[in-house]
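Here is how the chains run, residue by residue.
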Amino acid sequence: MPRYALLVLPATNRVYAEASVDLTRAELGVFSESVLGGRITDVAEETLGGVPYVTFGVAEPLGARDVAYLSLLSSAYALFELRELGELRGEGGDAEAAGPLLSPVTLTPLDQFDDDLLTIQKYVGKTNEFFTKLLLNVTVLASESAGELLDRRLRILDPLCGRGTTLNQVLMYGWDAAGIEIDGKDVEAYSGFLRTWLKRKRLKHQAELTPIRRDRKVLGRRFHVTLAADKAAYKSGDALDLTVVNADTRRARDFFRSGSFDAIVTDAPYGVQHGSRSGAPGELSRSPLDLLSAALPGWVDLLRPGGALGVSWNTHVARREDAAAALTAAGLRVCDDPAYLGFRHRVDQAILRDVLVATKPRD
Ligand SMILES: C[S@@+](CC[C@H](N)C(=O)[O-])C[C@H]1O[C@@H](n2cnc3c(N)ncnc32)[C@H](O)[C@@H]1O
């Protein structure tokens, strides 16, 4: 059986401490079940030449499409096919001592832009960009759009978008992004960052921040951008669309069309540095559950049938069972396949983060 070795991005060790290999294994498990026909087996951690790898077997060699999927893994740095050294024996080499041969497999990520789109912004409360990519991946992989993610432009909402880490990753994939954020300073900081970045990269775009009015009342503000990786794409009307609404996410339905998102991906307030504004205006609640329960009906409405919602939160302030019950109460089907149970990890002393993914059934 062909075997492969995945070299995990060194930076993820810093982010997840000891958990980076476990999270890679869990994410690999979701890719396997969703788009690789469950063909990945014998996932293990192995040290080769003194460097740790995540190794796995596949019934048949990976094809170009399989490699394209695995290239999206949030921690993928390099992929190798493991070859036995039988052919080197007899040439005087000490094959046993040297271990297997690593034959490079070229990764083919979807990335449309330079990765500093995700790394430049640094601020308290930012969701780490590797984790954000993982959450986006495992959510889309649970949705009916999983088989099309290499071929079609998806539309993704982050209804608690902060300064846009999810939105930037969605753009990196060449998809349309939308966000909702209650904090005006975050929306302004994100709009400032993105405009500067687009200018500096000389990317063709249009950007505006305008009030949203209805019945002569101002409901919030909208930051709207169209952009493309090259001029030709922009001219031919193939520009990507990004919308951020500065408003309360519990009013999500006021701003977007029902059934218009393939997936909803969000990192809920941790109840630590940020409160979740789910009570009276200005009142801070320690539990993201109150906010989730209040916002979920609107979010679920915006999700297309067959779409998926992925949320991460701090288990110190809300138990997994309670968060899952909130998703179920909103009409979603929680993914409890073993592949989706391996994402709990420590962020710092105050935060033990977990992930829940649920799908919107077609009725
Ligand atoms: C964990 S942070 C998300 C950070 C984001 N992923 C990033 O990397 O910038 C949660 C966000 O939810 C926002 N938030 C809390 N309550 C909200 C509400 N009722 N409506 C909209 N946004 C809200 C907070 O202001 C905060 O920016």
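Residues numbered from 1 in each chain as written. Predicted model: local features only at pLDDT ≥ 70, side-chain atom pairs only at ≥ 80, totals over all residues. Heavy atoms only, no water.

Engineer: Is there a simple way to think about the overall build of the protein in this case?
Structural biologist: A tally of regular secondary structure across the protein gives 11 helices and 15 strands. By the compact-globule yardstick of 21 Å for 363 residues, the protein fits well, its C-alpha radius of gyration being 21 Å. In terms of overall dimensions, the protein has C-alpha extents of about 85 × 50 × 40 Å along its principal axes. Each of the 363 residues in the protein was classed as buried or not, and the buried ones make up 55%. Considering only residue pairs separated by 6 or more positions, the protein has 70% of its internal contacts joining residues 24 or more positions apart. About 16,400 Å² of surface is accessible on the protein, with carbon and sulfur atoms providing 49% of the total. Taking the average location of the 44 positive side-chain charges in the protein and that of its 48 negative ones, the two points are 10 Å from each other. (Helix = DSSP H or I, 4+ residues; strand = E, 2+ residues; numbered from the N terminus. Rg over C-alpha atoms; globule rule 2.2 N^0.38 Å. Buried < 20%, exposed > 50% of the residue type's maximum accessible area, 1.4 Å probe, protein only. Contact = heavy atoms within 4.5 Å. Areas by Shrake-Rupley, 256 points an atom, 1.4 Å probe, with all protein chains shown as cover. Lys, Arg positive; Asp, Glu negative; His and termini not counted. Charge placed at Lys NZ, Arg CZ, Asp CG, Glu CD.)

Engineer: Whenever I open this one, the domain arrangement of the protein confuses me. Can you help?
Structural biologist: Splitting the protein by domain gives domain 1 (3–90 + 101–105) and domain 2 (116–359). A straight line from the C-alpha centre of domain 1 to that of domain 2 covers 29 Å. For the domain 1 face of the interface with domain 2, the top three residues by lost area are Y16, V30 and L72, together amounting to 29%. Across the contact surface, domain 1 and domain 2 share 1 salt bridge. Here domain 1 is connected to domain 2 by 7 residue pairs in polar contact (both at pLDDT 80 or more). Elements that contribute at least two residues to the side of domain 1 that touches domain 2 include exactly α1 (10–16), α2 (20–35) and α3 (64–70). (Domains from an automatic or database assignment. Buried area = accessible area lost by both parts, 1.4 Å probe. Salt bridge = Lys/Arg side-chain N within 4 Å of Asp/Glu carboxyl O. Polar contact = N/O pair within 3.5 Å; in protein donor to acceptor, adjacent residues only side chain to side chain.)

Engineer: Looking at this structure, how should I read the pairing of strand β14 (residues 345–348)?
Structural biologist: Regular strands place their side chains on alternate faces of the sheet. Here β14 runs beside strand β15 (residues 351–359); their pairing, made up of 3 bridges, is antiparallel. Paired with R346 across the two strands is L352, which belongs to β15. Where β14 folds back onto β15 in an antiparallel hairpin, the turn is made up of 2 residues. (Pairing = 2+ DSSP bridges.)

Engineer: Can you help me understand the nonpolar core in this one?
Structural biologist: The tendency in soluble globular proteins is for nonpolar side chains to be buried as a group. Core analysis: the biggest nonpolar cluster contains 74 residues, and F56 and W175 have the highest contact counts within it. It is helix α6 (residues 129–142) that provides the largest number of residues to this core, a total of 8 residues. If you look at the next biggest cluster of nonpolar residues, it comprises 35 residues, including L157, I180, F261 and L292. (Core = buried A, V, L, I, M, F, W, Y, C linked by side-chain atoms within 4.5 Å.)

Engineer: Sorry, what's going on with unusual backbone geometry here?
Structural biologist: With the exception of glycine, most residues fall at negative phi, and the peptide bonds are largely trans. Although it is not a glycine, D42 adopts a positive phi angle of roughly 50°. Locating D42 in the fold gives a position in strand β2 (residues 40–48). Phi angles above zero are rare outside glycine, and R202 is one such case at about 55°. Mapped onto the elements of the fold, R202 is located in the loop between α8 (184–200) and β8 (205–214).

Engineer: Please clarify how the site of the ligand should be interpreted in this entry.
Structural biologist: The full set close to the ligand counts 22 residues, and Y123, T127, T165, E181 and T249 are the nearest of them. R163 places a main-chain nitrogen or oxygen 2.9 Å from an oxygen atom of the ligand. Within the backbone of I182, an N or O atom sits 3.2 Å from a nitrogen atom of the ligand. In the complex, 99% of the free accessible area of the ligand, which totals 610 Å², lies under the protein chains. For the shell around the ligand, a count of residues per class yields 9 nonpolar, 6 polar and 7 charged. (Near = heavy atom within 4 Å. Nonpolar A, V, L, I, M, F, W, Y, C, P; charged D, E, K, R; others polar.)

Engineer: Just checking my understanding: could you explain the sheet that holds strand β1 (residues 3–8) for this structure?
Structural biologist: What holds strands together in a sheet is hydrogen bonding between their backbones, with the strands either parallel or antiparallel. The 5 strands lie next to each other as β2-β3-β1-β4-β5, forming an open sheet whose pairing is antiparallel. The open sheet has two free edges, formed respectively by β2 and β5 (101–105), since each of these has just one partner strand. Mean inter-strand twist for the sheet, computed between neighbouring axes without regard to direction, equals 35°. As paired strands, β2 and strand β3 (residues 51–58) are joined by 7 bridges and run antiparallel to one another. Bridged to E46 within β3 is Y53. (Axes fitted to C-alpha atoms, helices over the stretch in contact; angles between N-to-C directions.)

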